[in-house]
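One-letter residues, chain by chain:
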Amino acid sequence: MRTLVVTSADESYAGMLRDLVESLERCNPQPYTALACLDVGLAPETREWIEQHAEHVVEPAWDLPVNEAKRLLRPHLRALTARPFLPRYFPGYDLFLWIDSDAWVQEPSTLNAYLTAAATGSIAIASHDHPAYRRGNELIEWRLQQRRAYFGEQADLSSCPANYWNAGVFALRADTPLWNHWAHHFAVGLAATEGDLCSDQLALNHAIMVEQLPVTPLHTYCNWLCHLAMPSYDEQRMRYCDPMDNSTLGILHLSAKSKHLNIRPHWHHQPVVVT
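Residues numbered from 1 in each chain as written. Predicted model: local features only at pLDDT ≥ 70, side-chain atom pairs only at ≥ 80, totals over all residues. Heavy atoms only, no water.

J.: Outline empty space enclosed by the protein, listing residues and values.
T.: Using the criterion set out here, one finds one cavity of 30 Å³ or more in the structure. Looking at the largest cavity, its volume works out to about 40 Å³. Forming the walls of the largest cavity are Met 16, Asp 19, Ser 101, Asp 102, Ala 103, Trp 104, Leu 254, Ile 263 and Arg 264. Only α1 (14-25) and β5 (103-105) provide two or more residues apiece to the lining of the largest cavity. The residue makeup of the lining of the largest cavity, split by class, is five nonpolar, one polar and three charged. (1 Å grid on protein atoms, 1.4 Å probe; cavity = no way out; pocket = protein on both sides within 12 Å on 5 of 7 lines; lining within 4 Å. Points joined across faces, edges and corners; volume = space filled by probe spheres on them. Helix = DSSP H or I, 4+ residues; strand = E, 2+ residues; numbered from the N terminus. Nonpolar A, V, L, I, M, F, W, Y, C, P; charged D, E, K, R; others polar.)

In structure tokens form, the structure reads like this:
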């Protein structure tokens, strides 16, 4: 089965992109066929660097109707509108593993967990549900407001906020109908907000719920969201860990406001101990 790992970046993510690629290349053997990157604003030198590491480097189009003002202000959003169309961008692959460029792989076995789960035809994905995660009322209300904007008042009860799936890391076969359902609900939401609210993750969650699409839920250590809970660090093992049970985390995701934190791969430098 030909498997493609896909990420995306603009120049502001160049350092994190390098961390991700290096973490993938440390996997031995590599459980995937090739690497691809969506270029949504890389500087020429970074583009040249990623072309030496990735089989495919593509500048995506605007595949869904984001409004013109948003396109001008946030051209990197093309990566979001492209994600439901990965099989079209990269034909010839059977299975796709998406990893945001602000994430990196600590345990290579995590990649196998995603690929094995997705090979059955379901989407392999982790949720925002962990006892250590901070999910205050403001966050839940913000999600509900987005859901109302995209899909109307009747969508308030469409999914449990605790089971909100994170699209920053997922795996999916090329031949599943989920891609089309995802694109459809994304287009509906964009139309409802006149192309101003661009949230592929919201559309994916809604598509999974209303279409009753098959999901293989992976443990949160497969996509640890650092903005919801800081990992602990085991100096003896040189591994970032679940702060509650000290189990090793598979993928560290510098999501949302955690990008400035010193949670970089341990082979780069001795990290700051976080609690």
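J.: Describe the environment of Asp 100, with residues and values.
T.: Along the chain, Asp 100 turns up in the loop between β4 (95-99) and β5. Separated by 80 residues in sequence, Asp 100 and Leu 20 have C-alpha atoms that sit 8.6 Å apart. Not counting residues within four places of it along the chain, the set of residues in contact with Asp 100 comprises Thr 7, Leu 20, Arg 83, Gly 168 and His 253. (Contact = heavy atoms within 4.5 Å.)

J.: Can you tell me about the layout of surface pockets, naming the residues and giving the values?
T.: Left-over empty space is what a probe sized like a water molecule reveals as it rolls over the atoms. Of the pockets and cavities examined, the largest pocket occupies roughly 1100 Å³. Leu 80, Asp 100, Gln 201, Ala 256 and Lys 259 are the residues nearest the centre of the largest pocket, which is lined by 41 residues in total. Put simply, the parts of the chain that give the lining of the largest pocket at least two residues each are β1 (3-9), α4 (78-82), α7 (137-151), β7 (165-173) and α9 (200-210). Counting residues per element, the lining of the largest pocket draws most heavily on α7, which supplies four residues. Taken together, the residues that form the lining of the largest pocket break down as 15 nonpolar, 13 polar and 13 charged.

J.: Lay out the sheet that holds strand β8 (residues 215-218) in plain terms, naming residues and giving numbers.
T.: As a general point, the strands of a sheet are linked pairwise by backbone hydrogen bonds and lie either parallel or antiparallel. Judged by pairing direction, the sheet is mixed, and its seven strands sit side by side in the order β3-β2-β1-β4-β7-β6-β8 without closing on themselves. The open sheet is flanked by β3 (56-58) and β8, the only strands paired with a single partner. Averaged over all pairs of adjacent strands, the angle between strand axes in this sheet comes to 25°, irrespective of strand direction. Bridge count between β4 and β7: five bridges; the pairing is antiparallel. Bridge pairing in β7 places Ile 99 opposite Val 169. (Pairing = 2+ DSSP bridges. Axes fitted to C-alpha atoms, helices over the stretch in contact; angles between N-to-C directions.)

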